[in-house]
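# Observations on chain architecture
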Amino acid sequence: MKKDSSPSKVAVVTGAAQGIGRAISLRLARDGFSIAIIDINADALNQVKKEIEALGVQALALKADLTRVDEIQNAINRAAELGELTVLVNNAGRVLITPFLEIGEAEWDAILTLNLKTVFFATQFAAKQMKAGGRIVNLSSISGRSGRSDQAHYAAAKCAVISLTQSAALAFASQGVTVNAVCPGVVDTPMTVGIHEVRASSLGITPQESLARMVAKIPLGRLETTEDVAGAISFLCSPDAAYITGQSLNVDGGMEMN
Ligand SMILES: NC(=O)c1ccc[n+]([C@@H]2O[C@H](COP(=O)([O-])OP(=O)(O)OC[C@H]3O[C@@H](n4cnc5c(N)ncnc54)[C@H](O)[C@@H]3O)[C@@H](O)[C@H]2O)c1
């Protein structure tokens, strides 16, 4: 399906090789943006590029290790060569399930780097390109809304992403750039599979049972789809969201209500 929107409006999605980032990329492609996708996993990224191109939309796949500031800058600059950089979705993230007392310095730094430092620098580099306004959407999490005993570093980073979203919204409001976050709940992705493999082994149950226990706590009664998240991000990048900035939207089936 070919879209007739201007091909010069570019949306950049980080961590786009699988999961939520893949779904966001496909949704924004359907919305009419050209898409620059960034990930460390080149093979999977190229598959997503093909899926975007099959929609009749221009796509650029950029392999980068987003824990390296020079690679973030290079990827954002190359994305801007595709057209007018209009949207940045800071999606790349990583979780490790580790008891509070067992988190060492290297693990703390790794989780805080990708989930927080990367978001800051990608935002800085993209905002410099968004001279005619734009949209930045950050992936926080319900883990950023309340503490987690087995992912204290991840929860701290995701909470800080909410603060960073507010600061960036203030910093870039005068140039017409809105900055918002979404806080997904329990999404059907490889990340969630990994979480429940670890939790299941410590509880002596199956990963399926661990996940089922979690889903039982979701008011809307089902696992979140990647499209649930992508739909909210599509809205925040749409004209209807022009007057929304500095907000963090729970997209979680009712798990968190503040
Ligand atoms: N899955 C959930 O339930 C859930 C819930 C709340 C928030 N989130 C957040 O949503 C975002 C996407 O989550 P997901 O479940 O799709 O994750 P995922 O693990 O399925 O995908 C993450 C992607 O990021 C890429 N990535 C990892 N390290 C990278 C690096 N150094 N450089 C470049 N790319 C890198 C991976 O290759 C992968 O393609 C993350 O920020 C996550 O914290 C997920």
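Residues numbered from 1 in each chain as written. Predicted model: local features only at pLDDT ≥ 70, side-chain atom pairs only at ≥ 80, totals over all residues. Heavy atoms only, no water.

### Observations concerning the pairing of strand β2 (residues 34-39)
Judged by how many residues are buried, β2 sits mostly within the fold: 6 of 6 residues are covered. Of the two faces of β2, the one lined by S34, A36 and I38 and the one lined by I35, I37 and D39 are each fully buried. Looking at chain direction, strand β1 (residues 9-14) and β2 are connected through 5 bridges and run parallel. By the bridge assignment, V13 is partnered in β2 with I37. With helix α1 (residues 19-30) bridging β1 and its parallel neighbour β2, the resulting β-α-β unit is right-handed. (Buried < 20%, exposed > 50% of the residue type's maximum accessible area, 1.4 Å probe, protein only. Helix = DSSP H or I, 4+ residues; strand = E, 2+ residues; numbered from the N terminus. Pairing = 2+ DSSP bridges. Right-handed = clockwise from strand over helix to strand, strands pointing away.)

### A closer look at the site of the ligand
Taken together, the neighbourhood of the ligand is formed by 28 residues, with Q18, D39, N91, Y154 and T189 sitting nearest. Contacts to the ligand include I20, whose backbone N or O atom sits 2.8 Å from an oxygen atom. Contacts to the ligand include T192, whose side-chain N or O atom sits 2.9 Å from an oxygen atom. Protein contact buries 91% of the 830 Å² of open area that the ligand shows by itself. (Near = heavy atom within 4 Å. Polar contact = N/O pair within 3.5 Å; in protein donor to acceptor, adjacent residues only side chain to side chain. Areas by Shrake-Rupley, 256 points an atom, 1.4 Å probe, with all protein chains shown as cover.)

### Some remarks on the domain arrangement of the chain
Many analyses report the size of an interface as the accessible area lost when the parts associate. Its domain assignment divides the chain into domain 1 (9-185 + 225-250) and domain 2 (186-223). A separation of 24 Å is found between the C-alpha centroids of domain 1 and domain 2. With 16 residues of domain 1 at the interface, the matching set in domain 2 holds 11 residues. Across the domain 1/domain 2 interface, buried area totals approximately 990 Å², and carbon plus sulfur atoms make up 65% of it. The largest share of the area that domain 1 buries against domain 2 comes from I97, G185 and T225, three residues that together contribute 39% of it. R222 serves as the salt-bridge partner of D228, at 2.8 Å between the closest nitrogen and oxygen. Linking domain 1 with domain 2 are 2 residue pairs in polar contact (both at pLDDT 80 or more), by the criterion used here. Elements supplying a minimum of two residues to the side of domain 1 that touches domain 2: α1 and α8 (226-236). (Domains from an automatic or database assignment. Contact = heavy atoms within 4.5 Å. Buried area = accessible area lost by both parts, 1.4 Å probe. Salt bridge = Lys/Arg side-chain N within 4 Å of Asp/Glu carboxyl O.)

### A look at the pattern of salt bridges
Taken as a whole and judged by the stated rule, the model has 9 salt bridges. Residues R27 and D31 are paired through a salt bridge, measuring 3.3 Å at the closest nitrogen-oxygen approach. With its nearest N and O atoms 3.5 Å apart, the salt bridge here joins R68 to E71. Relative accessible area serves as the criterion here: at 27%, E71 is assigned to the partly exposed category. Among the ionic contacts, a cluster of salt bridges with common partners joins R68, D70 and E71.

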